[in-house]
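Spelled out from the first residue to the last, the chains are:
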Amino acid sequence: MAILGYRPLRPSAHPLSLFPMSLSAIELSILIPAYNEEESIKNTVLVLSALESQLKALELIVINDGSSDKTGEVARSLPVKLIEHESNRGYGASLKNGLRVAKYEYVLIADADGTYPLEDVSRLAEHIHNFDMVVGARTGTIVHVPPLRKPGKWIITKLAEYLSNQKIPDLNSGFRIFRRDVAMRFISLYPDGFSFTTTITLAMLTNDHRVKFIPINYHKRVGKSSIRPLHDFTNFVILIIRICAYFKPLNVFVPPALTLCFLGIVKASIDYFGQGHLGLFGTALVLTGIQLLFIGLLADLIDQRFKL
């Protein structure tokens, strides 16, 4: 279902260009969420601040998310706009607060843990004139993803691709640039946790915004990760279904509805020809499938109504 008051961006609002955008024409806000990143926050800021000479305007916003180490102390000594949380509120909460104070048209998010190739900012930025979001997809020649995370990442990506009917090279990359005005349209949907990037990817794709994926490398992080694989995997699955139910309800409801109807018909046929009557279980499956189908149709009608 659609968000009340949401209107998708018209395709003609940002006409396509055949040429890359000049970096000297870009005003860029960079959001750097940081939680216990005292070892790498300074180098991250120094590398990104070097972009200032190439851009029309640059602001660096560090969000210290209740770090218990010296991240805040180090950040206060750097030439950045600093947002500090008294307690750890989450990756998504940090980025949402950064989005609210960012003043430029384009926003880049980048982690402070040394995993992303910050030198590739220009590769992403040169395409933003043609797209609403450009994502650094972790499909380069060097990609360090812990083996235990790979099966869950594959399952989540395939589920997202199935429900959204889109090919998604990297669902939750934390290195991307996007138009601030488009991102703010979905701010009520963004969760406080790590699912922020998954949410913005699905929200953009299921609302026909232009998204480009550019292969990048992904290095081993500096310091200790705060990701909880099993907990976050469960949250990602629920989130994907919820976001697709918002914007592509038929993709969520129709497949299980038709599956239940088919199984119900098969079971009812077996009962009828084997026992001479329709069984309760087969009938229940068909009725449940029909109910799901009508729920999906109703959700789609509401979604289309708010897009008018």
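Definitions and cut-offs
- Residues numbered from 1 in each chain as written.
- Predicted model: local features only at pLDDT ≥ 70, side-chain atom pairs only at ≥ 80, totals over all residues.
- Heavy atoms only, no water.
- Salt bridge = Lys/Arg side-chain N within 4 Å of Asp/Glu carboxyl O.
- Helix = DSSP H or I, 4+ residues; strand = E, 2+ residues; numbered from the N terminus.
- Buried < 20%, exposed > 50% of the residue type's maximum accessible area, 1.4 Å probe, protein only.
- pLDDT = per-residue confidence, 0-100.
- Contact = heavy atoms within 4.5 Å.
- Patch = residues over 30% accessible without salt bridge, like charges linked within 9 Å, V, L, I, M, F, W, Y side chains within 5 Å.
- Areas by Shrake-Rupley, 256 points an atom, 1.4 Å probe, with all protein chains shown as cover.
- Polar contact = N/O pair within 3.5 Å; in protein donor to acceptor, adjacent residues only side chain to side chain.
- Expected span 1.5 Å × (residues − 1).

One pass over the structure, following the stated rule, counts eleven salt bridges. Taking the shortest distance from any N to any O, the salt bridge between Glu-105 and Arg-179 comes out at 2.4 Å. Taken together, the residues Glu-105 in the loop between helix 3 (91-101) and strand 4 (106-109) and Arg-179 in strand 6 (residues 176-179) connect sequence positions 74 residues apart. Look at Glu-105 and you get partly exposed, because its relative accessible area is 39%. Note that Lys-167 is salt-bridged to Glu-161, the shortest N-O span being 3.8 Å. Accessibility expressed as a relative area gives 60% for Lys-167, which makes it exposed.

Before going further, it helps to examine the confidence of the model for the chain. On average, the chain scores 86 in pLDDT, and the residues at 70 or more come to 87%. Per-residue pLDDT stays below 50 along residues 1-13; that stretch engages in 30 contacts with residues further than four places along the chain or on separate chains.

On to helix 7 (residues 196-206), then. Since the α-helix turns once every 3.6 residues, residues separated by three or four places project in the same direction. The element helix 7 is extensively covered by neighbouring structure, given that eleven of its eleven residues are classed as buried. Backbone geometry just after helix 7 places Asp-208 at a positive phi near 65°.

A cluster of nonpolar side chains, contributed by Phe-262, Leu-263, Val-266 and Ile-270, occupies part of the molecular surface with about 380 Å² of accessible area. Along the chain, Leu-263 falls in helix 9 (residues 249-275). What makes Leu-263 partly exposed here is its relative accessible area of 43%.

Let us look at the side chain of Ser-164. Relative to the elements of secondary structure, Ser-164 occurs in helix 5 (residues 150-164). Here Ser-164 falls in the buried class, since its relative accessible area comes to 3%. In terms of polar contacts, Ser-164 uses its side chain to reach the backbone carbonyl oxygen of Ala-160, at 2.6 Å. Excluding anything up to four places from it in sequence, Ser-164 contacts Leu-202, Thr-206, Cys-244 and Asn-251.

With that settled, the discussion passes to helix 5. Taking 1.5 Å as the rise per residue, helix 5 with 15 residues should run 21 Å; its terminal C-alpha atoms sit 21 Å apart, in good agreement. When we look at burial in helix 5, the residues that qualify are Gly-152, Ile-156, Thr-157, Ala-160, Glu-161, Leu-163 and Ser-164. Residue Asn-165 follows helix 5 closely and has a positive phi angle near 60°.

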